[in-house]
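Now for the letters of each chain:
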Amino acid sequence: MALQCPECGFANAESANFCQSCGASLAGVEVSQEPATATYRIDDETGELIPVDPAEVTALGPALIVRAGGGREGESFAVTGEQMSIGRRPESDVFLDDVTVSRDHAVLVKRGEQWHIDDCGSLNGTYVNRSRIDSLQLKEGDELQIGKYKLTFHTR
């Protein structure tokens, strides 16, 4: 749960009085129970963006959805198999083409019934909920930052 800044949209801690990003007052702002995430698919014939319910994306398992970065907001990646590579290498399962992303940046790995994100020694680091991590168990709604991209992890 977070306080969404009305000025810049930054998600602040529940107890914050002012936005950590822009300094705007958070007086009277209600706690957001669940952040909104939008996703889409690209129509093969027209190239148009067609909105998709995030529940459809996660119907068969977890997914990563791009929230910001590189003009790819709303793009989703279904997590298939036991692991998923993330990086600037074109062969990556999640290909993020930007110099802020290492070739082999991070990997999403299933350990038992839980999903973890492991940094692969990237130069700029991997962040979950704004904290730099080496390895971390993910939970619904966690925000991953990889280079300039922000993605959310969804399981339901």
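None of these values were measured; they are calculated from a predicted model. (Residues numbered from 1 in each chain as written. Predicted model: local features only at pLDDT ≥ 70, side-chain atom pairs only at ≥ 80, totals over all residues. Heavy atoms only, no water.)

What follows deals with the overall build of the protein chain. Looking only at helices and strands, the protein chain features 1 helix and 16 strands. The burial tally for the protein chain puts 40% of its 156 residues in the buried class. Within the protein chain, residue pairs in contact and separated by at least 24 positions form 33% of the contacts whose partners lie at least 6 positions apart. (Helix = DSSP H or I, 4+ residues; strand = E, 2+ residues; numbered from the N terminus. Buried < 20%, exposed > 50% of the residue type's maximum accessible area, 1.4 Å probe, protein only. Contact = heavy atoms within 4.5 Å.)

As for its placement among the helices and strands, glycine 112 is situated in the loop between strand S10 (106-111) and strand S11 (114-119). C-alpha of glycine 112 to C-alpha of glutamate 82: the two residues are 30 residues apart in sequence and 9.8 Å apart in space.

This part takes up the side chain of aspartate 98. Looking at the element boundaries, aspartate 98 is found in the loop between strand S9 (94-95) and S10. Here the side chain of aspartate 98 touches threonine 100 through a polar contact of 2.5 Å, side chain to side chain. (Polar contact = N/O pair within 3.5 Å; in protein donor to acceptor, adjacent residues only side chain to side chain.)

On to the sheet that holds S9, then. On the basis of which strands lie adjacent, the open sheet formed by 5 strands has the order S9-S8-S10-S11-S14 and mixed pairing. Edge positions in the sheet fall to S9 and strand S14 (135-137), since each has one partner strand and no second. Pairing of strand S8 (residues 83-87) with S9 involves 2 bridges; the strand directions are parallel. Looking across to S9, one finds that isoleucine 86 is bridged to valine 94. (Pairing = 2+ DSSP bridges.)

Glancing now at unusual backbone geometry. Phi angles above zero are rare outside glycine, and asparagine 129 is one such case at about 50°. Secondary-structure assignment places asparagine 129 in the loop between strand S12 (126-128) and strand S13 (131-133). Its identity is not glycine, yet arginine 130 carries a phi of approximately 70°, on the positive side. Inspection of the secondary structure assignment puts arginine 130 in the loop between S12 and S13.

Tracing the chain through its elements places serine 92 in the loop between S8 and S9. Residue classification places serine 92 among the buried positions, given a relative accessible area of 10%. If near-sequence neighbours (up to four positions away) are discounted, serine 92 is found in contact with Ser85, Ile86, Gly87 and Arg103.

In this structure, Leu64, Ile86, Leu96, Leu108 and Ile117 are the most contacted members of the largest nonpolar core, which totals 21 residues. When contributions to this core are tallied by element, the ones reaching two or more residues are strand S6 (63-68), S8, S10, S11, strand S15 (143-146) and strand S16 (149-154). With 3 residues, the top contributor of residues to this core is S16. What leucine 64 contacts, discounting residues up to four positions off in sequence, is Glu75, Ser76, Phe77, Val79, Ile86, Val94, Leu108, Leu144, Leu151, Thr152 and Phe153. In terms of nonpolar packing, the next biggest core, distinct from the first, is built from 7 residues, Cys5, Phe10, Ala16 and Ala24 among them. (Core = buried A, V, L, I, M, F, W, Y, C linked by side-chain atoms within 4.5 Å.)

Next up on the list: the sheet that holds S15. The strand order S7-S6-S16-S15-S12-S13 describes an open sheet built from 6 strands, whose pairing is antiparallel. On the outer flanks of this sheet lie strand S7 (76-78) and S13, each paired with one strand and no other. Direction aside, neighbouring strands of the sheet carry axes that sit 30° apart on average. As defined by bridge partners, S12 adjoins S13 across 3 bridges and the pair is classed as antiparallel. Paired with threonine 126 across the two strands is isoleucine 133, which belongs to S13. (Axes fitted to C-alpha atoms, helices over the stretch in contact; angles between N-to-C directions.)

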